[in-house]
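Observations on chain architecture
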Amino acid sequence: MKKYVAPSLLLMIVLVAFPQISETIYTPSLPDISDALNASNSSVQLTLSVYFIGFAIGVFCWGWISDFIGRRPAMLGGLIIYGIGSFMCFYAETITFLLVSRFIQAFGAATGSIITQTILRESVSGSKRHAMFAQISAVIAFTPAVGPLIGGWVDQALGFRAVFFVLVAMSILLFIYAYFRLPETTDKSTRKRIAIFPVAKRIISSPRVLVFGLLIGGINGVLFSYYAEAPFIFIDHFNLSPGLYGFLGIIVALASIIGAMISKKLVNNYQPEKVIHLGCIVMTVGALLLLIVSTLPLSNIVLLIGILVTMFITLLGSGIALPNCLSLALVSFQDVIGTAGAIFSLGYYLLVSLLTSGMSFLHNGSLTIMPLYFFILTMIMLIFGRKFIV
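Let us look at the structure shown here. It should be emphasised that the depicted structure is a prediction, and the values quoted were computed from it without experimental measurement.

Describing the pattern of salt bridges
Where charged atoms from two side chains of opposite charge come close, those side chains can pair. Applying the stated criterion to the full structure yields two salt bridges. For the salt bridge of Arg161 with Glu93, the shortest nitrogen-to-oxygen distance reads 3.5 Å. In this pair, Arg161 is assigned in helix H7 (residues 160-181) and Glu93 in the loop between helix H4 (71-91) and helix H5 (95-123), connecting sequence segments 68 residues apart. On the accessibility criterion, Arg161 (24% relative accessible area) is partly exposed. Take Glu93: its relative accessible area is 56%, and that puts it in the exposed class. Between Glu273 and Arg208 there is a salt bridge; the shortest N-O distance is 2.7 Å. Of this pair, Glu273 sits in helix H11 (residues 272-295) while Arg208 is found in helix H9 (residues 207-237), placing the two residues 65 residues apart along the sequence.

Here it is, written out as structure tokens:
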């Protein structure tokens, strides 16, 4: 059997990171897009929800397809579609066209997430896999914050359309990098078309796997609901510039990175299920403190600091829990890992889309809506995780 060279860690990081940047790079521009396209704040927020719907369908399609055409063709095909969608976002003149463009962009970008995770799940095992997913989770946590930082300054200097042009350029560079550096990591003799429904039945019949999906979807739902709502909190309410808002995103993202580092240390001495439960507790405490802070009669500067500190605690918990959820979720599906990962990711990304849509629906300009929403979500995750995971 022919041996294949494993992709470099740098390439894996780049490929798993670009969908996260694409999700949030334009969020500092949401108020500007609302004005330019004559659309309501809620409808502009839906561009994040639509992204996750396209992403969910994309991870399902690319994960399933990669089982019988190979990881490399699936990755390159997705990058081409991602570039087309990014170009359409650049030219969008109406909110409807922008929503369609974001769907196409996300469908292509999904290949970066599912193919990278599939390669890691099928090639690494045990504590080493937990450690690698902790590294990947740190990247996933950090890159959504890089997006607003880049997008905020680009928007402030050149306008929101320049932000989408950055994504067009990024799609070209990514395709070139992957074309020359991404090897095929599956053997043609082992590729086969795997029936979807038997695998889906195995997933649905496992309460443990379903709860992992709930936790992963809930954690990402909290994170991206924050990115949907935060521009209107910090830019409209606190009157921060888009560039300064983007910088605040870096501060908050450090929580997830530190959480992932703590997770990596803890799994050396504790069962990963216990680490997940700890992360859920920290998230719930952070969300409760965020809710309390948002209701207190504080000055703007104290309130701003309070929101950042309590969001830091909330996302610290997510960083502790998420790596182990990703690592453990599909350990019993190694025989059909590509298809299982596709179905599993479809489910939890649809949940992310539903939760970010919920934030858009609830948006009313109040500072207490987001904290209350987060507290309810984290309590649900804590209860179900305690019952089925620990």
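Details of helix H3 (residues 41-69)
Along its 29 residues, H3 runs 42 Å from first to last C-alpha, staying within 8% of the 42 Å computed at 1.5 Å per residue. If you look at H3, its biggest bend is around 25°, right at Thr47. Looking one or two places after H3, you find Gly70, whose phi comes out positive at around 105°.

Notes on the packing of aromatic side chains
Applying the stated criterion across every chain yields a total of 21 aromatic pairs. Ring centres of Tyr226 and Tyr227 lie 5.4 Å apart, and the angle between their planes is 65°; on these two criteria the pair is classed as edge-to-face. Neither residue differs from the other here; Tyr226 and Tyr227 are each classed as buried. For the pair Tyr373 and Phe374, a centre-to-centre distance of 6.5 Å together with 35° between the ring planes defines the contact as tilted. With respect to burial, Tyr373 and Phe374 carry one shared label: buried. Grouping aromatic residues by their ring pairs yields a cluster made of Tyr51, Phe52, Phe55, Phe224, Tyr226, Tyr227, Phe344, Tyr348 and Tyr349. Sitting over the ring of Tyr179, Arg72 keeps its end group 5.2 Å from the ring centre. Cation over ring: Lys387 sits above Phe388, and NZ or CZ is 5.6 Å from the ring centre.

With respect to a nonpolar patch on the surface
Together, Ile281, Val285, Leu288, Leu289, Ile292, Leu296, Leu298, Ile301, Val302, Ile305 and Val309 make up an exposed nonpolar region whose accessible area comes to about 860 Å². Here the nonpolar patch gets five residues from one element, more than from any other, and that element is H11. For Leu298, the location among the structural elements is in the loop between H11 and helix H12 (300-328).

So, the packing of H11 against helix H14 (residues 369-388)
Where H11 meets H14, the axes come as close as 8 Å, and the angle between the chain directions of the two elements is 160°. Our classification of the angle between H11 and H14 gives roughly antiparallel. In the packing of H11 onto H14, the handedness of the crossing is left-handed. Taken together, the residues of H14 that come into contact with H11 (itself represented by His277, Cys280, Ile281, Met283, Thr284, Ala287, Leu288, Leu290, Leu291 and Ser294) are Met370, Pro371, Leu372, Phe374, Phe375, Thr378, Met379, Met381, Leu382 and Arg386. Looking at the contact of H11 with H14 residue by residue, the classes come out as 15 nonpolar, four polar and one charged.

Focus on the nonpolar core
For soluble globular proteins, the rule of thumb is that nonpolar side chains tend to be buried together. Judged by nonpolar contacts, the single largest core of 122 residues is most densely connected at Tyr226, Phe234, Ile276 and Phe374. Sequence-distant contacts of Phe234, defined by excluding residues within four places in its chain, comprise Tyr226, Asn239, Leu240, Tyr245, Leu248, Leu304, Ile307 and Leu308. In this structure, Val16, Ala17, Leu120 and Ile140 belong to the second largest nonpolar core, which totals six residues.

Considering the state of the cysteines
Counted according to the given criterion, the structure contains zero disulfides. Cysteine Cys89 is unpaired, with the sulfur of Cys61 as its nearest cysteine sulfur at 19 Å. For Cys280, which is in no disulfide, the shortest distance to another cysteine sulfur is to Cys325 and amounts to 6.5 Å. Judged by its relative accessible area of 4%, Cys280 is buried.

Observations regarding the environment of Ser86
Tracing the chain through its elements places Ser86 in helix H4. Note: C-alpha distance between Ser86 and Ala109 (23 residues apart in sequence) is 9.9 Å.

Observations concerning the side chain of Ser353
Structurally, Ser353 can be placed in helix H13 (residues 337-362). When residues no more than four places from it in sequence are discounted, the contact partners of Ser353 are Ser49, Phe52 and Ile53.

Quick notes on the side chain of Gln20
Within the secondary structure, Gln20 is located in helix H1 (residues 9-24). Judged by relative accessible area, which is 2%, Gln20 ranks as buried.

So, unusual backbone geometry
Here Asn38, not a glycine, exhibits a phi torsion of approximately 55°, which is positive. Tracing the chain through its elements places Asn38 in the loop between helix H2 (30-36) and H3.

Quick look at the layout of surface pockets
Of the voids in this model, the second largest pocket is the one considered here, and its volume is about 180 Å³. Every residue along the wall of the second largest pocket is listed here: Phe60, Ile203, Ile204, Val209, Leu210, Gly213, Leu214, Ile343, Phe344, Leu346, Gly347 and Tyr348. Those elements that provide at least two residues to the lining of the second largest pocket are helix H8 (196-204), H9 and H13. With five residues, the top contributor of residues to the lining of the second largest pocket is H13.

Conventions used here
Per chain, residues are indexed from 1 in the order of the written sequence. In keeping with the model being predicted, local features are shown solely for residues with a pLDDT of at least 70 and side-chain atom pairs are shown and tallied solely at 80 or more, while totals for entire chains, interfaces and linings include all residues. Heavy atoms from the whole structure form the basis of all side-chain values; hydrogens and water molecules are not counted. Whenever Lys or Arg places a side-chain nitrogen within 4 Å of a carboxyl oxygen from Asp or Glu, that contact is recorded as a salt bridge. Counting from the N terminus, the helices are the DSSP runs of H or I reaching at least four residues and the strands are the DSSP runs of E reaching at least two. The cut-offs for exposure are 20% and 50% of the maximum accessible area for each residue type, with area from a 1.4 Å probe on protein chains only; residues under the lower value are buried, those over the upper are exposed, and the others partly exposed. To estimate how far a helix should extend, the number of its residues minus one is multiplied by 1.5 Å. Bend, in this description, refers to the angle at a residue between axes fitted to the seven residues ending there and the seven starting there. Stacked, edge-to-face and tilted are the three classes for Phe, Tyr and Trp ring pairs, Trp counted by its six-membered ring, which pair at centre distances within 6.5 Å; planes under 30 degrees apart are stacked, over 60 edge-to-face, the rest tilted. Counting as a charge over the ring demands two things of the Lys NZ or Arg CZ atom: a distance within 6 Å of the ring centre and an angle within 35 degrees of the ring normal. Exposure above 30% relative accessible area and no salt bridge define the residues that can form patches, which grow by joining like charges within 9 Å and nonpolar side chains of Val, Leu, Ile, Met, Phe, Trp and Tyr within 5 Å. Here, Shrake-Rupley sampling with a 1.4 Å probe gives the accessible areas, and only protein chains in the shown set may cover a residue. Note on geometry: axes are C-alpha line fits, over the in-contact stretch for helices, and angles between N-to-C directions span 0 to 180 degrees. Any angle from 65 to 115 degrees is called roughly perpendicular, while one under 35 is roughly parallel, one over 145 is roughly antiparallel, and all others are oblique. Two helices cross in a left-handed way if the nearer one is turned anticlockwise from the farther one by less than a right angle. They cross in a right-handed way if the turn is clockwise. We call two residues in contact when some of their heavy atoms are within 4.5 Å. Polar here means any residue other than Ala, Val, Leu, Ile, Met, Phe, Trp, Tyr, Cys and Pro, which are nonpolar, and Asp, Glu, Lys and Arg, which are charged; Gly is therefore polar. Definition of nonpolar core: a set of buried residues of the types Ala, Val, Leu, Ile, Met, Phe, Trp, Tyr and Cys, connected through side-chain atoms within 4.5 Å. In plain terms, two cysteine sulfur atoms within 2.5 Å form what is called a disulfide here. Think of a 1 Å grid over the protein atoms and nothing else: a 1.4 Å probe that fits but is trapped marks a cavity, an open set flanked by protein within 12 Å on at least five of seven lines marks a pocket, and residues with an atom within 4 Å of a point count as lining. Grid points are joined across faces, edges and corners, and a volume is the space filled by probe spheres set on the points.

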